[in-house]
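Residue-level structural notes
Spelled out, the chains give:
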Amino acid sequence: MNSVLQPLITPQYRCTPFVLRLVRYNSNAQNRWLARQKNDHFTKAAKEQQFRSRAAFKLMDIDDKYRFFKQNQKVLDLGFAPGAWSQVARKRIGSGGMIMGVDLLRCTPPKGVYSLQANILSKKTHELIRLCFARHIQLNKHDQLHKDHGYLQHMLEEELNHLKETEEYKELFSQTDISQNIERYPVDVVLSDMMANTTGIQSKDHYMSMDLCDAALIVAIDLLKPGGSFTCKLYAGSEDTLLEKRLKKVFKKVDRFKPNASRNESKELYFVARGKKTDIDKLKVFLEE
Ligand SMILES: C[S@@+](CC[C@H](N)C(=O)[O-])C[C@H]1O[C@@H](n2cnc3c(N)ncnc32)[C@H](O)[C@@H]1O
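Going by an unreviewed UniProt entry, the chain carries the name rRNA methyltransferase 2, mitochondrial and comes from Kluyveromyces lactis. Taken verbatim from the UniProt record of the chain, the Sequence similarities (unreviewed entry) comment is "Belongs to the class I-like SAM-binding methyltransferase superfamily. RNA methyltransferase RlmE family."

Next up, the structure:
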């Protein structure tokens, strides 16, 4: 046998049967996933309606119930790849709005969507997002924008490096309002469908998902307008109620929702939070019970 498994199938590797069982389990799981995808109603409908994935139906279901999208809004879509949620947002806010998608993966965004390949757990990503919204608001016709995707990532990164140590940087990233020129809270809706690769270990997957929800909530506290809306996906587990408590400190209304397109066996659940409050103290949200 000439495969990557060969070094493992030797007498000194006592765990071989386990490794083979694991490989067989994974390939069976993959086959089951492929078969399920092929027969799935939402997968077929996504293809027919030219959505990039069946996830589109989850967001449509959420917004049909809670109605947070309005014409001409500014939307931040965290974990946007392959881009179905951004496509739905684009339809619902119209061409006068703005959408920025952020994802760890490299992905060409849908037409009319700005994008950034970055990790939401990094502080620099939060700075690039703020810079993109600030620049969009100050746009003038002479800006060099890509005709489909607005600012390009390298332009934002270069600009951020250029700004460091300047007064403008301080104005942009100060925690208090020191400038008339910069809108502190430029975003109307923050979406997060972020999910790391699941490990199958439920508590681990849950904690990884909590970290992503917390990072998304920090962005929402920093950038979302008073009255703005936030939706995030959580891999359910023991800390659901902790996230719910945090959300209630930031938003007037918080609901849990399981969209029709979310598979029954999936541990995912969505929090929909509306009506962002004013004067939020981040430390109180995260440190106080
Ligand atoms: C379920 S997919 C999102 C599907 C998307 N909403 C759509 O409609 O096409 C989850 C995404 O979260 C992204 N993600 C996971 N961890 C992330 C992180 N730390 N920063 C940014 N994106 C992340 C993944 O790369 C993946 O593309």
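So, next bit.
Re the overall build of the chain
The secondary structure content of the chain amounts to 10 helices and 7 strands. The proportion of buried residues among the 289 residues of the chain is 48%. Put simply, 66% of the contacts in the chain that link residues at least 6 apart link residues at least 24 apart.

Observations concerning the sheet that holds strand 3 (residues 114-117)
Strand order across the open sheet formed by 7 strands is 3-2-1-4-5-7-6, with mixed pairing between neighbours. Looking along the sheet, the strands with just one partner apiece sit at the ends: strand 3 and strand 6 (251-257). Taking the axes of each pair of neighbouring strands and ignoring which way they run, one obtains an average angle of 15° across the sheet. Contacts from helix 4 (residues 84-93) reach strand 1 (74-78), strand 2 (98-103), strand 4 (187-192), strand 5 (224-235) and strand 7 (268-276), with the element oriented near 170° to strand 2.

Side note on the environment of Leu128
With respect to the element layout, Leu128 can be found in helix 5 (residues 123-137). Taking the C-alpha atoms as reference points, Leu128 and Leu156, 28 residues apart in sequence, are found 6.5 Å from one another. Among all residues touching Leu128, those that are not within four sequence positions of it are Leu116, Leu156, Glu157 and Leu160.

Conventions used here
- Residues numbered from 1 in each chain as written.
- Predicted model: local features only at pLDDT ≥ 70, side-chain atom pairs only at ≥ 80, totals over all residues.
- Heavy atoms only, no water.
- UniProt positions renumbered as here; feature names shortened; annotations may be inferred.
- Helix = DSSP H or I, 4+ residues; strand = E, 2+ residues; numbered from the N terminus.
- Buried < 20%, exposed > 50% of the residue type's maximum accessible area, 1.4 Å probe, protein only.
- Contact = heavy atoms within 4.5 Å.
- Pairing = 2+ DSSP bridges.
- Axes fitted to C-alpha atoms, helices over the stretch in contact; angles between N-to-C directions.

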